[in-house]
Amino acid sequence: MRILQVSAEIFPLLKTGGLADIAGALPDALNGAGCEVRGVLPGFPAICAGLSQTSSVGQFTMPWGEVIHVVYGMLSDVSVGDGSFGVYVLMAPNLYDRPGNPYEGPDRQAYGDNHRRFAALGYAAAQLAWGLDSRWRPQLVHSHDWHAALAPAFLALAHDRPRVPSVFTVHNLAYQGVFGGGCFGDLGLPPQAFSVGGLEYFGNVSFMKAGLSYADRITTVSPTYAREIQTAEQGCGLDGLLRQRAVHLSGILNAVDAAVWSPTTDSLIPHRFDPRNMTGKALNKASLQVQCGLHVEADAPLFAMVSRLTDQKGLSLLLGAVDEIVAPGGQLLVLGSGDPYFEEAFSRVAQEHPGKVAVRLGYDESFAHQVFAGSDVTLVPSRYEPCGLTQMYGLKYGSLPLVRRVGGLADTVIDTDLETLDNRSANGFVFDRFDETDFRRAVRRAFGLYHRPAEWNRVRQTGMRSAFDWKDSALRYFHLYQELIPK
Ligand code: ADP
């Protein structure tokens, strides 16, 4: 089964969030399930720098006259089984060779021509499906998030081309790629696409809506989020469309790339450990406390958060309840970057509680591993969470997740109570309502368990043995592809 994966990011070359982790891990897992996966990516500087053995594939012209060359090469850094992953890359320096992250400049403003930059990505995927590379033609196109969401539209609307099926995966419905209606002419889609049944959204162009309207199947990254986005509360204005498409919508849980996230083999942490020997975990905690200027206290429960600093992640709850952690002798460590308001607020809290609260602003992949390896509790009190990866990394590294019961957090964390302790399914702490009272109560329950070391250890063991294996999720995608690809 030849599958073309379309994404804007890929771990480890270019990552702003969970999307990159999935784009980096899924191809290998799918190959293991019997697929032959190639990727298509924009030629961002970080992607071009990781590309080797390149050969020219062909070119196409976008409606605004720009000619885009496509090369094929190997991304040798990607953590796939045989150490390389074949990708098509759009060589368009005018569009992609810019400072900042893939979507915005150093001033944190979205690039004004993002509709062009990502229309080209979708169009390239369609061109490849129609035979741009005469040696390899995908049987199905799998696009991720709004950046890749025009691919299903091009494929579905081109009646003079062979019909290639598409799957569209929503990693976060809140980011939709909405642009003024005047941009439509740049996209190269037939006029009927600019309609309520297409990608038109209150007079604007919505890339997300294009993916949701035209993909043959829609998936999202957890079963609970698949249900939640069909409600007005979490549908981000697209719940009606999602309800219409409910029979074609399913949730496939993300997993953990064991080649990258395993405390037994992780070269980014000072001391390796496993469920049978947790000495390394204690040493990692001490080393983390030293590094961050926290008091080196083995008995102080260390609560940690590794996150984009955006409102979605429930940071207001944490900011309002820091005393609930520090007053009884706990410590807090935040690794994150994002909204300047939260960056300043957490920096202030750290200054107010020297030795007890530490904040590291910025994006630091290697330090993130050390945080999971050294902390006791991983906080994910999100307002909404399509899947969430950090709670799963926390589980694998013996840092019990404390999460809100929402999206993928609800699907992966089992609250600790007498029943779940007894049947050994407990693996963390879960609270329901997005309010400070519920959050504080969950923090107090974490302290309660921490003061019972034997039970704490038992819950931690359950967490560390969680599977979250890509094999299971890849098999689900495989079956989905099988349904769509003509025999
Ligand atoms: P989202 O995709 O919404 O940001 P996820 O939990 O799905 O949230 O994925 C976040 C990913 O980004 C995880 O791999 C997490 O470890 C990583 N991450 C987030 N912030 C940072 C940071 N400041 N430094 C290093 N890694 C980070």
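Scroll up for the structure.
Quantities reported herein were computed from a predicted structural model and do not represent experimental measurements. (Residues numbered from 1 in each chain as written. Predicted model: local features only at pLDDT ≥ 70, side-chain atom pairs only at ≥ 80, totals over all residues. Heavy atoms only, no water.)

Not every one of the 19 residues close to the ligand is listed here, only the nearest: Lys15, Gly18, Asp21, Arg308 and Gly362. Contacts to the ligand include Arg308, whose side-chain N or O atom sits 2.7 Å from an oxygen atom. In this structure, Lys313 approaches the ligand through a side-chain N or O atom, which is 2.8 Å from an oxygen atom. For the ligand, whose accessible area on its own is 570 Å², the fraction buried by protein is 93%. Mapped onto the shell around the ligand, the elements with two or more residues apiece are α1 (18-32), β13 (302-309), β14 (331-338), α13 (365-374) and α14 (390-396). Tallying contributions element by element places β13 first for the shell around the ligand, with three residues. (Near = heavy atom within 4 Å. Polar contact = N/O pair within 3.5 Å; in protein donor to acceptor, adjacent residues only side chain to side chain. Areas by Shrake-Rupley, 256 points an atom, 1.4 Å probe, with all protein chains shown as cover. Helix = DSSP H or I, 4+ residues; strand = E, 2+ residues; numbered from the N terminus.)

So, about helix α9 (residues 279-292). Counted at 1.5 Å a residue, the expected span for α9 with its 14 residues is 20 Å, and the 20 Å between its end C-alpha atoms agrees. Inspection of α9 places Gly280, Lys281, Asn284, Lys285, Leu288, Gln289 and Cys292 among the buried residues, and these make up the whole buried set. For α9, the secondary structure elements touched by its buried residues are β13, β14, β15 (357-361), α13, α17 (436-450) and α18 (453-464). In the stretch just after α9, Gly293 is the one whose phi turns positive, near 75 degrees. (Expected span 1.5 Å × (residues − 1). Buried < 20%, exposed > 50% of the residue type's maximum accessible area, 1.4 Å probe, protein only. Contact = heavy atoms within 4.5 Å.)

This part covers the side chain of Asp113. Mapping Asp113 onto the fold places it in the loop between α3 (93-96) and α4 (114-129). Side chain to side chain, Asp113 and Arg98 meet in a polar contact 2.6 Å long. The residues touching Asp113, leaving out its near neighbours within four places in the chain, are Leu95 and Arg98.

Sheet strands pair by backbone hydrogen bonding; their relative direction is either parallel or antiparallel. Pairing is parallel in the open sheet, where six strands are placed in the order β15-β14-β13-β16-β17-β18. At either margin of the open sheet sits one strand with a lone partner, and together these are β15 and β18 (429-431). Direction aside, neighbouring strands of the sheet carry axes that sit 15 degrees apart on average. On top of the sheet, α17 reaches β13, β16 (377-380), β17 (400-404) and β18; it is set at about 160 degrees to β18, its chief contact. (Pairing = 2+ DSSP bridges. Axes fitted to C-alpha atoms, helices over the stretch in contact; angles between N-to-C directions.)

For Ala298, the location among the structural elements is in the loop between α9 and β13. Between the C-alpha atoms of Ala298 and Asn427, which are 129 residues apart in sequence, the distance is 21 Å. When neighbours within four sequence positions are excluded, Ala298 is seen to be in contact with Lys285 and Tyr450.

Read from one edge to the other, the open sheet built from nine strands follows the order β3-β4-β5-β2-β1-β6-β7-β11-β12, with strand pairing classed as mixed. Both edges of this open sheet fall to β3 (51-61) and β12 (249-251), since each of them pairs with a single strand only. When strand polarity is set aside, the average angle formed by the axes of neighbouring strands in this sheet is 25 degrees. With four bridges joining them, strand β2 (residues 36-42) and strand β5 (residues 86-91) adopt parallel strand pairing. Along β5, the bridge assignment pairs Pro42 with Leu90. Packed on one face of the sheet, helix α5 (residues 150-157) meets β6 (140-144) and β7 (166-170) and runs near 150 degrees to β6.

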